[in-house]
Amino acid sequence: MGVVTKRSSMTFYSDGSDHYSHRVRIVLAEKSVAVEINDCDADSIPEDLASLNPYNTLPTLVDRELVLYEPNVMMEYLDERFPHPPLLPVYPVARAESRLYMHRIQKDWCVLVDQIQSGKLSVDELETTRKQLRDSLVTISPIFAEKDFFMNEEFTLVDCCIAPILWRLPSLGIELPEEQCEDILKYMDRLFEREAFQEALSEFERELRY
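Now for a description of the structure that goes with this document. Source: prediction; values computed, not measured.

**Some remarks on the nonpolar core**
Note that soluble globular proteins tend to have their nonpolar side chains buried in a common cluster.
Next, step 1: Grouped together as the largest cluster of nonpolar side chains are 56 residues, with contacts concentrated most on Leu28, Leu133, Leu166 and Tyr187.
Next, step 2: It is helix H6 (residues 157-167) that contributes the most residues to this core, nine residues altogether.
Next, step 3: Sequence-distant contacts of Leu28, that is, excluding residues within four places in its chain, are made with Met10, Phe12, Val33, Val35, Ile37 and Leu78.
Next, step 4: Counting residues in hydrophobic clusters, the runner-up holds five residues, among them Tyr13, Cys40, Leu58 and Val62.

Here's what the structure looks like:
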């Protein structure tokens, strides 16, 4: 498992293949949180999870009496519970903008990733969906030339949402054209070289790229 497991009152039920679980593991690693990582199979969820999470879904974060089962809520909770390093801007306007970016990532990219990974698309639908995601990333690439991270000089929760998607591009059957995507490719290198990102990778995720 990627994140170092320590004695802790916090337990994270994680699907090692799931990009939503991945984003939370990145936050845990960035914060150096003492957490027990329970790596689960989505098709074989532990029985005790049903008593904790009414939807019996992954990921699920348990911190003493608190149970969270929505990834972005987990991320913001962890950022407030462990304030250093901060992963959301201090000022309300900038925080709201970051939340809006996360919402757009969900609407514009995560939905497409989920469709590609669902195994329910026809060959034509699969290629159309891949093209839609690829074209969206190509179009937005120049934005990454402006700052080291997504619309910010500092690494934030927004980057935690983007990184798992970009890491999965080869497994999704998507290759970004180098000439058009130089800026986003450099951004990817910055993300993937982070110590916390590497620590957060599950065994499954490591095999996606090597």
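**Focus on the side chain of Glu30**
Next, step 1: Following the sequence through the fold, Glu30 ends up in helix H1 (residues 19-30).
Next, step 2: Here Glu30 falls in the buried class, since its relative accessible area comes to 11%.
Next, step 3: Residues within four places of Glu30 in sequence aside, it is in contact with Pro85, Leu87, Phe155, Arg194 and Ala196.

**Examining the environment of Ala94**
Next, step 1: Relative to the assigned elements, Ala94 resides in helix H4 (residues 92-118).
Next, step 2: Accessibility expressed as a relative area gives 24% for Ala94, which makes it partly exposed.
Next, step 3: As a C-alpha pair, Ala94 and Tyr69 span 25 residues in sequence and 25 Å in three-dimensional space.

What counts, and at which threshold
Residues numbered from 1 in each chain as written. Predicted model: local features only at pLDDT ≥ 70, side-chain atom pairs only at ≥ 80, totals over all residues. Heavy atoms only, no water. Core = buried A, V, L, I, M, F, W, Y, C linked by side-chain atoms within 4.5 Å. Buried < 20%, exposed > 50% of the residue type's maximum accessible area, 1.4 Å probe, protein only. Helix = DSSP H or I, 4+ residues; strand = E, 2+ residues; numbered from the N terminus. Contact = heavy atoms within 4.5 Å.

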